[in-house]
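# Overview (structure and organization)
Each chain, letter by letter, is given below.
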Amino acid sequence: MELAPLQIEPAIRLSASEIPQHQDRLIQSVVMRAWEKVDFYRQRWSEHQIDPESIRSVTDLKKLPIFRKQDIEADLAAHPPFGSLQGNFHCVRLQGSSGSTGKPKPILHTRLDWENITNLWARRLSMQGVTAADRVQVAFNFALFIPSFTSLEGAMKLGALAIPTGSGAVTPSLRQLELARDWGVTVMGTTGGYALHLAAIAQEHGYDLKRDFNIRVMYHTGEPLVEETRRRIEELWGCKSYNNYGSVETGAPAWECVHQNGMHLNEDAYIFEIVDPVTLEPVPDGQEGALVMTSLFKEAAPIIRYMIGDIAAIWSEPCACGCSFRRLSPIRGRIDDMLKIRGTVVYPTAIEAALRTFPMLAPEFRIVVDRTHDGADYLEVQAEVQDLAETSPLVNLIAHAIKQKIGCTAVVTLHAIGSLSGHENVAARTKNRYVVDKRKKL
Ligand SMILES: [Zn+2]
């Protein structure tokens, strides 16, 4: 079989009724290419006694085993340095996970992979209103973190002027602000956390965010964008703030349109499933579960039924923008980030949402989980506030808001501005580091 690679264009050409046909047409060659060129799949599928030729449509896909991040890590340990998932392809680019736990996970790309992912970024930014008239400041960490480069190139493909300032680690936050103002930046790429941090620094130094800057779009990726955080970014900067969902293993699977109501799934480039995280059985559209993805275009490191660990639902109702792709609900959280507090499941995003409703709190916060001497779970939420006097009514209000959101009680403590953000090094990071779970050390 000739395994012609798929080229993804920035423009969306498929109607909703053409998507199943398109996916069915490609799935057989995706599976055969992985079988022939990627030892990771050949070995796993052989162990499960799967005949790859029996996968002829998207419906057959569920015969293949789901794999997780832990399987990639085990494969890397068994086959150093790059593992057996990369496959037998000529690769020109290595990007990696940001290494929030342990070593960075390398993912290799062919020239075509890179072309496709940057095209998907051009699509995202275009649907978020970016045009050739824009000046796009990319304030992500330019290192192994892939969206720094791919979003920059996506902006260039739209004809915009791309400005790679990098994260606060290489261009300090005050300089970022000066450049944004002096060079007339209209679009900025940052993590949601850094957008709030930059706003706080700007205000501290006497900038008027709406008068001194001309930023009309902020695009985010790398961490779940909580709705309350988005609203705060939009209010502060007077701009639109958009969420984009992806990872180094997957590329650029989902994006928000101007209606900001869930993220459209690139169904011409991936197959998306939601499964029960325990039984791995499929769950219907609208119901929450674990997201499982299959890439249709990737040559190197293809993903075939990859359970990335995020909890969300797929919405199949049409969007007001008219796009034919279904949408992914906002991510509730990662399975790995889920906390069990006195038997209640708590996602850090829910605590973040409660905190964002208090405009007097600075953007940084920390969630500390521990055990008391009698073995009960203890939950503390630390937040920063300008005026530490007269805080006790505020503490009670915050504790009440958190209880409403998560259903269990937290001890709230307030700290001076900078005492948490300094510790967390917000300007340089690519992922939230909000949780300190001391129980894990026991
Ligand atoms: Zn839409």
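Residues numbered from 1 in each chain as written. Predicted model: local features only at pLDDT ≥ 70, side-chain atom pairs only at ≥ 80, totals over all residues.

A few words now on the overall build of the chain. Assigned secondary structure in the chain consists of 12 helices and 22 strands. For a compact globule of 442 residues, the expected C-alpha radius of gyration is about 22 Å, and the chain comes in at 22 Å, within 12% of that figure. Counting across all 442 residues of the chain, residues that qualify as buried make up 45%. In the chain, once contacts between residues fewer than 6 apart in sequence are set aside, the share between residues at least 24 apart is 68%. (Helix = DSSP H or I, 4+ residues; strand = E, 2+ residues; numbered from the N terminus. Rg over C-alpha atoms; globule rule 2.2 N^0.38 Å. Buried ≥ 20, exposed ≤ 12 C-beta atoms within 10 Å, placed from the backbone. Contact = placed C-beta atoms within 7 Å.)

As a further point, take the environment of Ala401. Tracing the sequence through the fold places Ala401 in helix 11 (residues 392–406). Setting aside chain neighbours within four positions, we find Ala401 in contact with Ala354 and Thr357.

Position of Val38 among the secondary structure elements: in the loop between helix 1 (19–37) and helix 2 (39–47). The spacing of Val38 and Asn88 is 50 residues in sequence and 6.3 Å in space, taken between C-alpha atoms. Ignoring any residue separated from it by four or fewer positions in sequence, one finds Val38 in contact with Leu85, Gly87 and Pro302.

Another point: the nonpolar core. Residues Ile215 and Met218 are the most contacted members of the largest nonpolar core, which totals 86 residues. Composition of this core by domain shows at least three residues from each of domain 1 (16–109 + 249–335) and domain 2 (114–247). Listed in part, the 18 residues of the second largest apolar core include Tyr347, Ala383, Ile398 and Tyr434. (Core = buried A, V, L, I, M, F, W, Y, C linked by C-beta atoms within 7 Å. Domains from an automatic or database assignment.)

In this section: the pairing of strand 9 (residues 251–256). Most of strand 9 sits out of view: six of its six residues are buried. With three bridges connecting them, strand 8 (residues 240–247) and strand 9 associate as antiparallel partners. Bridge pairing links Tyr245 to Ala254 in strand 9. Connecting strand 9 to the antiparallel partner strand 10 (residues 263–265) that follows it, the hairpin turn spans six residues, and Gln260 within it adopts a positive phi of roughly 50°. (Pairing = 2+ DSSP bridges.)

Our next topic: the packing of helix 6 (residues 173–182) against helix 7 (residues 192–204). For any two helices packed against each other, the geometry is given by the interaxial angle and the distance between the axes. Look at helix 6 against helix 7: their axes get within 10 Å of each other, and the N-to-C directions meet at 85°. What the angle tells us is that helix 6 and helix 7 run roughly perpendicular. Counted together, Ser173, Leu174, Gln176 and Leu177 of helix 6 and His197, Leu198, Ile201 and Ala202 of helix 7 form the full contact between these two elements. Classifying every residue of the contact of helix 6 with helix 7 by side-chain character gives five nonpolar, three polar and no charged. (Axes fitted to C-alpha atoms, helices over the stretch in contact; angles between N-to-C directions. Parallel < 35°, antiparallel > 145°, perpendicular 65-115°, else oblique. Nonpolar A, V, L, I, M, F, W, Y, C, P; charged D, E, K, R; others polar.)

A separate point is the domain arrangement of the chain. Interfaces are frequently sized by the accessible area removed from exposure as the parts join. The domain architecture assigned to the chain consists of domain 1 (16–109 + 249–335), domain 2 (114–247) and domain 3 (338–441). Taking only C-alpha atoms into account, the centre of domain 2 sits 26 Å from that of domain 3. On the side of domain 3, 14 residues touch domain 2, which itself brings 21 residues to the contact. Elements represented by at least two residues in the side of domain 2 that touches domain 3 include exactly helix 7 and helix 9 (227–237). Of all the elements, helix 7 adds the most residues to the side of domain 2 that touches domain 3, at five residues.

Before going further, it helps to spend a moment on the sheet that holds strand 9. Hydrogen bonds between backbone atoms are what pair the strands of a sheet, whose relative direction is either parallel or antiparallel. Taken in spatial order, the nine strands make up an open sheet running 5-4-6-7-8-9-10-15-14, and their pairing is mixed. Each edge of the open sheet carries a strand with a single partner, namely strand 5 (161–163) and strand 14 (314–315). Packing of helix 4 (residues 111–127) onto the sheet brings it into contact with strand 7 (217–220), strand 8 and strand 9, and relative to strand 9 it is tilted by some 10°. Sitting on the sheet, helix 5 (residues 146–157) is in contact with strand 4 (135–138), strand 5, strand 6 (187–189), strand 7, strand 8 and strand 9, with an inclination near 175° to strand 4.

Next up on the list: the sheet that holds strand 21 (residues 411–416). Read from one edge to the other, the open sheet built from four strands follows the order 21-20-19-22, with strand pairing classed as mixed. Both edges of this open sheet fall to strand 21 and strand 22 (435–437), since each of them pairs with a single strand only. Along the sheet, successive strands turn relative to each other by an average axial angle of 20°, direction set aside. With three bridges joining them, strand 19 (residues 361–371) and strand 22 adopt parallel strand pairing.

Moving on, we come to helix 1. The terminal C-alpha atoms of helix 1, which comprises 19 residues, lie 26 Å apart, in line with the 27 Å expected from a rise of 1.5 Å per residue. Remark: the principal bend of helix 1, roughly 30°, maps to Leu26. Among all positions of helix 1, only Gln23, Ile27, Val30, Val31, Arg33 and Ala34 are buried. Elements that come into contact with the buried residues of helix 1 comprise helix 2 and strand 11 (270–275). (Expected span 1.5 Å × (residues − 1). Bend = angle between axes of the 7 residues up to and from the residue.)

We now examine the packing of helix 10 (residues 348–355) against helix 11. Interhelical geometry of helix 10 versus helix 11 gives an angle of 140° and a closest axis separation of 9 Å. Relative to helix 11, the element helix 10 is oriented oblique. Both helix 10 and helix 11 take part in a crossing whose hand is right-handed. Listed contacts from helix 11 to Ala350, Ile351, Ala353, Ala354 and Leu355 of helix 10 are Ile398, Ala401, Ile402, Lys405 and Ile406. When its residues are assigned to classes, the contact of helix 10 with helix 11 shows nine nonpolar, no polar and one charged. (Left-handed = near helix turned anticlockwise from the far one by under 90°.)

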